[in-house]
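# Results of the structural survey
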Amino acid sequence: MTYRRRATALHAARAAAGLAYCLALALAALLLSGPVALGALALAVLGAAAVVGSRRELRRAVAFAAGLGLMVMLVNALVTRDGLTVIWRLGNLPVFGQTDVTLEATVYGAILGLRAAVLVLCGFLYTVAVDPDEVLRLFRRVSFRSALTATLSTRMVPILLRDSRRLADAQRCRPGPPPSRLQLIQAATAGVLDRALDAAAALEVRGYGAGRAPAQARDPWSRHDLAFGGAAVLIAGLAIAGRASGWAPLNAYPALHAPVTPSQVALAAGLLTCALAPFAGRRGVEV
Amino acid sequence: MLARSAALVVCAAVLAGCGLGPGPGTSNVSLRVTRAFGTISVGGADEPKVPGSETVMRMLERHFKVATRYGGGFVESINGFAGASPHLDWFYYVNGVEAPMGAAGTPVHRGDQIWWDLHDWSATDSIPAVVGSFPEPFVHGTGGRRLPVELECAGDVSVACHRVSRELGRSGVPFASQLLGAGSGTDSLVVVVGTWHDLAPETVAALVDQGPAASGVYARFTNGGRSLALLDPRAQAVRTLTAGAGLIAATAQGSAPPTWMITGTDPTGVNAAAAALTRPSLHDHFALAVQDSTHLPIPLRAGT
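Structure report, in brief. Predicted model only: the values in this text are computed from it and were never measured.

## Quick notes on the overall build of chain A
- Assigned secondary structure in chain A consists of 11 helices and 2 strands.
- Mapped in sequence order, the helices and strands of chain A form the string α-α-α-α-β-β-α-α-α-α-α-α-α.
- The principal-axis extents of the C-alpha atoms in chain A amount to approximately 65 × 60 × 35 Å.
- Counting across all 287 residues of chain A, residues that qualify as buried make up 39%.
- Within chain A, contacts between residues separated by at least 24 positions form 75% of all contacts whose residues are at least 6 apart in sequence.
- Averaging the locations of the 30 positively and 15 negatively charged side chains of chain A gives two centres separated by 3 Å.

Dropping the structure here:
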């Protein structure tokens, strides 16, 4: 899973706008707890991810996000003892003692799981649709080494994954039983230093270490830059306002209280519209 | 093979107490919430019917606004009342006995009397037993199990012994009587009646002599048992009673069932204490000192 230029509006937007868009969605996921608002946000992020990612990448990301969300829900349901409505008695467990699964802990766990899944999908959006080199240029003026480290990290992971796949293919061609996953990981991690040296040599050759700031590009803001930048501002604003005004209330303990208020429905509709509207414009979208 | 394994798993789960839904409920549970060793009432509730899988924490949360810490296992505040100082916290007793585990893991049984109290624990963080839930724990026992009751009386307090027997009988508590010092089972609730001099060889007397940190009783007999010093929540003596002073208190050693003491500086004091062994006299008190007709709940507040 890596950045590849595609013919979508988010790819057409500059990195600053794409980054702000992804951050605003993640911020909204962290701030909002109401099930309707969070559900709408999840739909929005999923819709955006479906537009920008390939089907295979999206399937993997959704499977990982769903697994993580499910795990968060299960852990919360088993560990949290709050809640009045017992739905499942697990009896006296060795470490946990008397364990009862409550409806409240399960629902709150589902909310936390959904939040985790949305955050994973925001990360997916960023990875596949925001150009990491542009992000590096963006932050180069702010923090030279941190930006380099962050970019190298995000670029090295897919490279190592490709290395692993190549190693696995090579090992499968050899006679005898297939190698274990542990051996494969050992071989891939052993190559990390080589890869890092390669990257350092390439940067040296390109004069990155000279540390001279590049001339700042003064490209005019495109319609996509404005659309995603505006959407980021609106999404962040809606999330902050929703949190501050209590438009999406959720009290999980001791008894579940999550009313679907008109303000929450409006907030959900607003988030959905703001998050997906920038994808409507197709003019100027090219690979 | 798969079906057999699944059947085994289901059987194990059922034996371990697993099941869908809350399970069968229970009845006649009461809940009281107080502050300052029972002197200030916060509220209470009597529940004729209690849903299944009810714990002390769930029952509290059904009736009061509760804030918790440590994953819901520790009560931080009830109806907004929280520990204002580092040595002020919520404690709870079921049928007058300090629970051995957290409220979230303590199930509620039929007839239980649950008592939450916010108090200063600078003298001791463990008060094994209190008398304010009388006639509990004699009627319903602890942990849903009724315990055998033994009444041990000294030879010189027959009137007091008779009064205690009558009160236990009135509460419907079957008990066995024997002379003080005859020994009792380790799984019995024991009521000892006698002057402090009579009780001196008993283990519980040794605990009380060591102060609240060992016994949870905020009173101490001095002067060879002829004086009774009443302590405040910080274990400082604030009043001393002499002739005719009585005491009703309960304590326990380790995880053993509590022992109740009906005692005094002399037989008159023991009689006065025995006369105070009633539900209204003991209600919401950790222990009770008596002199003549004056009842002094202890720990005593300074200036009382």
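## A word on the nonpolar core
- Residues Val193(B) and Trp260(B) are the most contacted members of the largest nonpolar core, which totals 55 residues.
- Of all hydrophobic cores here, the second largest spans 51 residues; its members include Ala13(A), Ala15(A), Ala24(A) and Val135(A).

## Focus on the interface of chain B and chain A
- Taken together, the 17 residues of chain B in the interface contact 14 residues of chain A.
- Carbon and sulfur atoms supply 45% of the area that chain B and chain A bury against each other, a total of about 1,400 Å² over both sides.
- For the pair chain B and chain A, the interface holds 1 salt bridge.
- Where chain B packs against chain A, one counts 4 residue pairs in polar contact (both at pLDDT 80 or more).
- Listed by contribution, the elements that provide at least two residues to the side of chain B that touches chain A are β1 (18–20) and α2 (56–63) of chain B.
- Its residues assigned to classes, the side of chain B that touches chain A shows 5 nonpolar, 9 polar and 3 charged.
- As paired elements, strand β1 (residues 86–93) of chain A and β1(B) share 3 bridges and run antiparallel to each other. Residue pairing for β1(B): Trp88(A) is matched across the bridge by Leu20(B).

## Concerning the packing of aromatic side chains
All names here are of chain B.
- A complete count under the given rule lists 14 aromatic pairs over all chains for this structure.
- Each ring, one from Phe-37 and one from Phe-286, has its centre 5.1 Å from the other, and the planes form 75 degrees; the classification is edge-to-face. Residue Phe-37 is found in the loop between β2 (26–35) and β3 (40–50), and its partner Phe-286 is found in the loop between α8 (279–282) and β18 (287–291); the two are separated by 249 residues along the sequence.
- Classification of Phe-37 by relative accessible area gives buried; the value is 6%.
- Aromatic pair Phe-134 and Trp-260: ring centres 5.7 Å apart, planes at 50 degrees, arrangement tilted.

## Things to note about the sheet that holds β1(B)
- In spatial order, the strands read β2(A)-β1(A)-β1(B); together these 3 strands make up an open sheet with antiparallel pairing. With partners counted over all chains shown, the strands left at the sheet margins are β2 (97–102) of chain A together with β1 of chain B, one partner each. Within this sheet the neighbouring strands show an average axis-to-axis angle of 10 degrees, counted without direction.
- Looking at chain direction, β1(A) and β2(A) are connected through 6 bridges and run antiparallel. Across the sheet, Leu93(A) pairs through a bridge with Gly97(A), a residue of β2(A).

## A closer look at the state of the cysteines
Residue and element names in this part refer to chain B.
- Tallying each qualifying case throughout the model produces 1 disulfide over all chains.
- A sulfur-sulfur separation of 1.9 Å characterises the disulfide bridge that pairs Cys-153 with Cys-161. Between Cys-153 and Cys-161, the disulfide has an S-S torsion of 80 degrees and is therefore right-handed. With respect to burial, Cys-153 and Cys-161 carry one shared label: buried.

## Section: empty space enclosed by the protein
All names here are of chain B.
- Using the criterion set out here, one finds 1 cavity of 30 Å³ or more in the structure.
- Approximately 40 Å³ is the volume attributed to the largest cavity.
- Looking at the largest cavity, the residues that line it are Ile-127, Ala-129, Gly-216, Val-217, Tyr-218, Ala-249, Ala-250, Phe-286, Ala-287, Ile-298 and Pro-299.
- A breakdown of the residues in the lining of the largest cavity according to their chemical character gives 10 nonpolar, 1 polar and no charged.

## A few points about the environment of Asp100(A)
- Within the secondary structure layout, Asp100(A) lies in strand β2.
- A sequence separation of 22 residues divides Asp100(A) from Leu78(A), and the C-alpha atoms of the two residues are 7.6 Å apart.
- One polar contact links Asp100(A) to Arg58(B), side chain to side chain, over a distance of 3.4 Å.

Reading the values: rules and limits
Residues numbered from 1 in each chain as written. Chains lettered and ligands numbered in written order. Predicted model: local features only at pLDDT ≥ 70, side-chain atom pairs only at ≥ 80, totals over all residues. Heavy atoms only, no water. Helix = DSSP H or I, 4+ residues; strand = E, 2+ residues; numbered from the N terminus. Buried < 20%, exposed > 50% of the residue type's maximum accessible area, 1.4 Å probe, protein only. Contact = heavy atoms within 4.5 Å. Lys, Arg positive; Asp, Glu negative; His and termini not counted. Charge placed at Lys NZ, Arg CZ, Asp CG, Glu CD. Core = buried A, V, L, I, M, F, W, Y, C linked by side-chain atoms within 4.5 Å. Buried area = accessible area lost by both parts, 1.4 Å probe. Salt bridge = Lys/Arg side-chain N within 4 Å of Asp/Glu carboxyl O. Polar contact = N/O pair within 3.5 Å; in protein donor to acceptor, adjacent residues only side chain to side chain. Nonpolar A, V, L, I, M, F, W, Y, C, P; charged D, E, K, R; others polar. Pairing = 2+ DSSP bridges. Phe/Tyr/Trp six-rings, centres within 6.5 Å; stacked < 30°, edge-to-face > 60°. Axes fitted to C-alpha atoms, helices over the stretch in contact; angles between N-to-C directions. Disulfide = S-S within 2.5 Å. 1 Å grid on protein atoms, 1.4 Å probe; cavity = no way out; pocket = protein on both sides within 12 Å on 5 of 7 lines; lining within 4 Å. Points joined across faces, edges and corners; volume = space filled by probe spheres on them.

Any functional reading would require information beyond the geometric quantities listed.
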